[in-house]
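Close look at the chain arrangement
Below are the chains, spelled out letter by letter.
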Amino acid sequence: MGDFDFSVIWSSLPFLWEGLQLSLWLTFLSIIGGIVLGTLLALARLSGIAPLSIAAATYVNLIRSVPLILVIFWFFFLVPLVIGRPIGSFYSALIAFVLFEAAYYSEIMRAGIQSVKRGQVHAGQSTGLNYWQIQRYIVLPQAFRNMIPILVTQGIILFQDTSLVFVVSLRDFMTVSSIVARTEGRLVEMYIFAAIVYFVICFSGSMLVRSLKSRMST
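Residues numbered from 1 in each chain as written. Predicted model: local features only at pLDDT ≥ 70, side-chain atom pairs only at ≥ 80, totals over all residues. Heavy atoms only, no water.

Focus on the packing of helix H2 (residues 13-45) against helix H8 (residues 173-184)
Interhelical geometry of H2 versus H8 gives an angle of 155° and a closest axis separation of 7 Å. The pairing of H2 with H8 is recorded here as roughly antiparallel in orientation. In this structure, H2 uses Phe15, Leu16, Gly19, Leu20 and Ser23 to contact H8, whose residues at the interface are Phe173, Val176, Ser177, Ile179 and Val180. Residues that form the contact of H2 with H8 fall into these classes: seven nonpolar, three polar and no charged. (Axes fitted to C-alpha atoms, helices over the stretch in contact; angles between N-to-C directions. Helix = DSSP H or I, 4+ residues; strand = E, 2+ residues; numbered from the N terminus. Parallel < 35°, antiparallel > 145°, perpendicular 65-115°, else oblique. Contact = heavy atoms within 4.5 Å. Nonpolar A, V, L, I, M, F, W, Y, C, P; charged D, E, K, R; others polar.)

Focus on the environment of Ser204
Note that Ser204 resides in helix H9 (residues 187-217). Its relative accessible area of 43% is what places Ser204 among the partly exposed residues. For the pair Ser204 and Arg118, spaced 86 residues apart in sequence, the C-alpha to C-alpha distance is 36 Å. Here the side chain of Ser204 touches Val200 through a polar contact of 2.7 Å, landing on its backbone oxygen. (Buried < 20%, exposed > 50% of the residue type's maximum accessible area, 1.4 Å probe, protein only. Polar contact = N/O pair within 3.5 Å; in protein donor to acceptor, adjacent residues only side chain to side chain.)

Considerations on the pattern of salt bridges
What the rule picks out here adds up to four salt bridges. Ionic contacts of the salt-bridge type, sharing partners, join the residues Arg45, Arg64, Glu107 and Arg110 into one network. (Salt bridge = Lys/Arg side-chain N within 4 Å of Asp/Glu carboxyl O.)

Concerning the packing of aromatic side chains
How two aromatic rings sit relative to each other is set out by the distance from centre to centre and by the angle between their planes. Taken as a whole and assessed by the stated rule, the structure comprises nine aromatic pairs. Ring plane angle 20° and centroid distance 5.9 Å describe the contact between Trp25 and Phe28, whose orientation is recorded as stacked. On the criterion of helical spacing, the pair formed by Trp25 and Phe28 is a turn pair, its members being three residues apart in helix H2. Given the relative accessible area of 44%, Phe28 is considered partly exposed. A network of ring pairs unites the aromatic residues Phe159, Phe173, Phe193 and Tyr198 as a single cluster. (Phe/Tyr/Trp six-rings, centres within 6.5 Å; stacked < 30°, edge-to-face > 60°.)

Here we look at the confidence of the model for the protein chain
In low-pLDDT regions, the fine details of the predicted coordinates are not to be read closely. The predicted model of the protein chain averages 87 in pLDDT, with 97% of residues at 70 or higher. The secondary structure element of the protein chain with the lowest average pLDDT is helix H6 (residues 118-126), at 82, and the one with the highest is H2, at 93. (pLDDT = per-residue confidence, 0-100.)

Observations regarding the side chain of Thr175
Relative to the elements of secondary structure, Thr175 occurs in helix H8. One polar contact links the side chain of Thr175 to the main-chain carbonyl oxygen of Leu170, over a distance of 3.5 Å. Apart from the residues lying within four places of it in its own chain, the contact partners of Thr175 are Phe166 and Leu170.

Quick look at the packing of H2 against helix H5 (residues 89-115)
A pair of packed helices can be characterised by two numbers: the angle between their axes and the separation between those axes. Between H2 and H5, whose axes approach to 5 Å, the crossing angle comes to 45°. The orientation of H2 relative to H5 falls into the category oblique. As H2 runs across H5, the sense of the crossing is right-handed. (Left-handed = near helix turned anticlockwise from the far one by under 90°.)

The structure is reproduced here in structure tokens:
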């Protein structure tokens, strides 16, 4: 332990904080976009309209069959070709994360929607509500509530996955930790610190999930 020098962490905190901010911001935006798009995909799969349901199911199964890093590469190179101009590494990664996570959030929300008792849907129909009104006022609020712990768990996984954005030259927390480790020659100290930060954030999220499950069970 006498050979360790953890002072490099203190001197690099501003740089490390910038990387952590990018990781958290990318996670937050991807969660919001993924849940919105995932909910629409779930509704499409349960709509009973065959072409819509098949298209949504195909998208979900396709995205869930490929690794995230490949999706990031796709949109980093594909989006600029489609729109005819570069959009930057951050927005390419954000689009990839949203579209990738939407496939997983779709299955979570589909399970949440199906957990709502059909009697409540029939009650809504008897009061004159149409399909979208039933989903908005009766089904989706309960589906979100039922699936909150799983949604948070998926958010934790997403935060860990942000470390993959190094492939498009984004400086997330893991990337800046690696940069400091190499430039300062303190690999062990920096990777220990990075592991502690990831552990604290993910463990806190896990405790939140446990608390939410406990509250919902009572």
